[in-house]
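Chain by chain, the residues:
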Amino acid sequence: MHALTRRFALAATATTLAFALLPVAHAKERVLNIYSARHYQTDEALYSNFTKQTGIKINRLDGRAEELLERIRNEGANSPADVLITVDAANLSVADAWGIFQPVQSKVLESRIPANLRTPTWFAFSTRARVIIHNRKLVKPADVATYESLSSPKLKGLICVRSGMHPYNLSLVASLVAHNGEAATEQWARGVVANLAMPPRGGDTDHIKSVASGECGVAIANTYYLARMLNSEKVEERNMMKRLGIVLPNQSSQGVHINVSGAGVVKTSKNREAAVQFLEYLASDQAQRYFAEGNNEWPAVSAVKIENEGLEDIGEFKADSLPLEKLSQHLVTAQKLLDRAGWR
Ligand code: FE2
C-alpha cells in the first residue's frame, strides 16, 4: 500500500473510531430529567450542585404544576420524566392519584425526612407556613387568632382570599376538614365567603400589599412571601410590612397549617437509581440550606440550621403535625365544600 494511502486509511480508521465511540460515550453520560414547578430563580444552585457532586447532568423542564402533571399523563409510558418536583401537597396528591409516582424506599429519606412529611411515594423537602396577616389599624390580632375565627361576623367586609381552586387553599381547608370535620368546615367556609372584601382573586403578594394599604383587613399568606418582604432591599417593602401584623394561628389547638414543596420519582422513569439519588441529595444539609436561604423556606430536615433574618422575625411557633398522607385524603372533600360554599 502506498504510504499516503496507508495514512489516509489509518486516519479514516481513527475517524470512524472516534465517531463510533461518541454515541457510546454519550449513552454513558448520566442524565436525569426533572420536571419542575418550583418557580424560584434561586433553585439554580440546587440543581447545579447535584451535577457537581455526582456528574449526573440535569435536564430540567419548567412549567406550572397542572401543565407538568397533564404532560406526564399524556406522555404515558414514553415520558422522559424521572422526577417531578412541585409545590403544595394538593399538587403532589394529584400526581399520586393519577399514578404518576412510584414507591420509593430509601433509608436516607426515611431517616432525614420526618414521618408526617412523607408518603410512600413522595417526600416534602421544605416547609412554609400559612399564617394570618392583618392591617394593624383595622383588625386586632386577638380577633384573628385562629383560622376558625375568619368566619366570625366581626370580620365582615375585611377578608381577601385566593381562589377556592388554588392548591394553597385546598390544602389548608383539607387540614381543617381533618381537624374539625366536613360539616363544621363547610359552615366555616360560608362564613369566610360572607366576610370577603372582594371576590376571591390574586396571590399572596397582592394580598400582602392590599392588607398593608387597608384595602383588605385580613388575609392568609405563606411565610416565604412575608420573609421575602421582611428581607427586602427595598425600603418601601420593609415599610409596608410595618403596617401589617403577622398572626401565627391556632397556637392552643392544632398549630399553624404547614405546606410543603416536594418531589417523587415518576413511575415510568428509566433512570430510577439516579432519581432516588437526587431525592436523597435534596435531603442533604447543603440542599436543605438552599431551600431556606434561597427561597425563605424551612428545611424539612429539622436538624439543619439556617440563618434567615426574615424567618427569625416571624418567630417560633407550634406547627400542625397532621401527616401529609392524612391531609391528602380530604382534598376532594375540601374542593367540593368550597364549591358549595361559593368560594370560587
Ligand atoms: Fe407560592
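Description of the structure in this document.

This part covers unusual backbone geometry. Negative phi is the rule for most residues except glycine; trans is the rule for most peptide bonds. Residue Asp-88 is not a glycine yet carries a positive backbone phi of 80°. Judged by relative accessible area, which is 0%, Asp-88 ranks as buried. The phi torsion at Asn-296 lies on the positive side, around 55°, for a residue other than glycine. Relative to the assigned elements, Asn-296 resides in the loop between helix H12 (285–295) and strand S8 (298–299). We classify Asn-296 as buried; its relative accessible area is 7%.

Around the iron ion, the donor atoms from the protein are Tyr-168 (OH), Tyr-224 (OH) and Tyr-225 (OH), and they sit 1.8 to 2.0 Å away. Read in sequence order, the donor residues for the iron ion give the motif Y-x55-Y-Y. Here Tyr-225 lies in helix H9 (residues 223–230) and Tyr-168 lies in helix H6 (residues 167–180), a separation of 57 residues in the sequence. Across the pair, exposure class does not vary: Tyr-168 and Tyr-225 are buried alike.

Before going further, it helps to spend a moment on the environment of Ser-152. Relative to the helices and strands, Ser-152 is located in the loop between strand S4 (122–135) and H6. Counting along the chain gives 43 residues from Ser-152 to Asn-195, while the straight-line C-alpha distance between them is 8.0 Å.

Moving on to the pairing of S4. Most of S4 is tucked away: 14 of the 14 residues are buried. Bridge count between S4 and strand S7 (residues 257–265): 8 bridges; the pairing is antiparallel. Pairing of Arg-128 across the sheet is with Asn-259, part of S7. Sheet topology note: the S4/strand S6 (residues 244–247) ladder contains 4 bridges and is antiparallel. When the bridges of S6 are listed, Ile-133 appears paired with Ile-246.

Criteria and cut-off values
Residues numbered from 1 in each chain as written. Predicted model: local features only at pLDDT ≥ 70, side-chain atom pairs only at ≥ 80, totals over all residues. Heavy atoms only, no water. Buried < 20%, exposed > 50% of the residue type's maximum accessible area, 1.4 Å probe, protein only. Helix = DSSP H or I, 4+ residues; strand = E, 2+ residues; numbered from the N terminus. Donors = N, O, S within 2.8 Å, 3.2 Å for Na, K, Ca; no water. Pairing = 2+ DSSP bridges.

So, to be careful, I would describe these as geometric facts and stop short of saying anything about function.
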